[in-house]
Amino acid sequence: MSSPAKTFRLAILISGRGSNMAALIDAAQSGKIPAAEVAVVISDQSAASGLQRANECGIETVVIERRGRSREEHDREIIAALRERKIDFICLAGYMRILSRDFIEAYPRRILNIHPSLLPSFTGLEAQKQALEHGVKVAGCTVHFVDESLDGGPIIAQREVPVREADTVEALSARILEQEHRLYPEAVATVLAQAQVNLAANS
Ligand code: GRF
């Protein structure tokens, strides 16, 4: 007899408005990401507007600010909060910090990020502006595993967004964001489905 699917516990890390966070919560709560529960939303900014949204969805929220500590010390507190809640996967969603090596090594291939460009093009800040300045005809978004490089880990999924004549950064960013909200839940579902297969194979 096959064992029942495990429900994976997800943490979402944010620093700001959390629209991708909201898309992931919706997808998990509506079953579009099967066998997943968003167990906690962690923000490094107490003023992040995404926190209120997470609360409204009934998700626990935790604020862990940097408060002048080293990246390693800050991450240690976050890792402790994740371990306490038995988190399986971590989704960065507009989380504006680079993770320490210890954090990445604590969760190998279990930390995902979304970036508003077709990586490896246009890493870092203002990816949509960089794309327009280069005159690309096709922009897009990428979900990838997080490693120690800036937006450089293995790619899980990508979606193209055509650039229009006379596009502004705002207009292009809005069209990319719409696709981000679809792509991120799909990519998380893909990763979790593979994790179920691996679990079954090892049981
Ligand atoms: C998104 O464009 C995401 O790709 C990038 O930061 C932005 C976060 O937006 N990493 P939101 O907080 O999810 O609304």
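In this text, all values refer to a predicted model and were calculated from it rather than measured experimentally.

Asker: I tried to follow the site of the ligand on my own but got confused; where do I start?
Answerer: Taken together, Arg17, Gly18, Ser19, Asn20, Gly94, Ile114, His115, Pro116 and Glu180 form the complete shell of residues around the ligand. In this structure, a nitrogen atom belonging to the ligand sits 3.0 Å away from a main-chain N or O atom of isoleucine 114. In isolation the ligand exposes 360 Å². Once the protein is present, 86% of that is buried. In this structure, the ligand is accommodated by the largest pocket.

Asker: Got a minute to help me understand a negative patch on the surface in this structure?
Answerer: There is a patch of like negative charges on the surface, built from Glu72, Glu73, Asp102 and Glu105. Listed by contribution, the elements that provide at least two residues to the negative patch are α3 (71-84) and α4 (101-106). As for its position among the elements, aspartate 102 is in helix α4. Residue aspartate 102 is classed as partly exposed on the basis of its relative accessible area, which comes to 40%.

Asker: Would you mind showing me how to read the packing of helix α1 (residues 19-29) against helix α6 (residues 169-202) here?
Answerer: Relative orientation and spacing of two packed helices are given, respectively, by the angle between their axes and the distance between those axes. Relative orientation of the contacting elements α1 and α6 amounts to 45°, with a least axis distance of 9 Å. On the basis of their axis angle, the class for α1 and α6 is oblique. Where α1 crosses over α6, the two elements pack in a sense that is right-handed. Contact residues: Ser19, Asn20, Ala23, Leu24 and Ala27 in α1; Leu177, Glu180, His181, Tyr184, Pro185 and Val188 in α6.

Asker: Help me out: how do you make sense of the side chain of threonine 142 in this one?
Answerer: Considering the arrangement of structural elements, one finds threonine 142 in strand β6 (residues 138-145). Here serine 117 takes part through its backbone oxygen, which lies 2.6 Å from a polar atom of the side chain of threonine 142. Looking at threonine 142, its side chain comes within polar contact range of the side chain of glutamine 158, at 2.9 Å.

Parameters and conventions
- Residues numbered from 1 in each chain as written.
- Predicted model: local features only at pLDDT ≥ 70, side-chain atom pairs only at ≥ 80, totals over all residues.
- Heavy atoms only, no water.
- Near = heavy atom within 4 Å.
- Polar contact = N/O pair within 3.5 Å; in protein donor to acceptor, adjacent residues only side chain to side chain.
- Areas by Shrake-Rupley, 256 points an atom, 1.4 Å probe, with all protein chains shown as cover.
- 1 Å grid on protein atoms, 1.4 Å probe; cavity = no way out; pocket = protein on both sides within 12 Å on 5 of 7 lines; lining within 4 Å.
- Sits in = over half its atoms within 2 Å of the grid points.
- Patch = residues over 30% accessible without salt bridge, like charges linked within 9 Å, V, L, I, M, F, W, Y side chains within 5 Å.
- Salt bridge = Lys/Arg side-chain N within 4 Å of Asp/Glu carboxyl O.
- Lys, Arg positive; Asp, Glu negative; His and termini not counted.
- Charge placed at Lys NZ, Arg CZ, Asp CG, Glu CD.
- Helix = DSSP H or I, 4+ residues; strand = E, 2+ residues; numbered from the N terminus.
- Buried < 20%, exposed > 50% of the residue type's maximum accessible area, 1.4 Å probe, protein only.
- Axes fitted to C-alpha atoms, helices over the stretch in contact; angles between N-to-C directions.
- Parallel < 35°, antiparallel > 145°, perpendicular 65-115°, else oblique.
- Left-handed = near helix turned anticlockwise from the far one by under 90°.
- Contact = heavy atoms within 4.5 Å.

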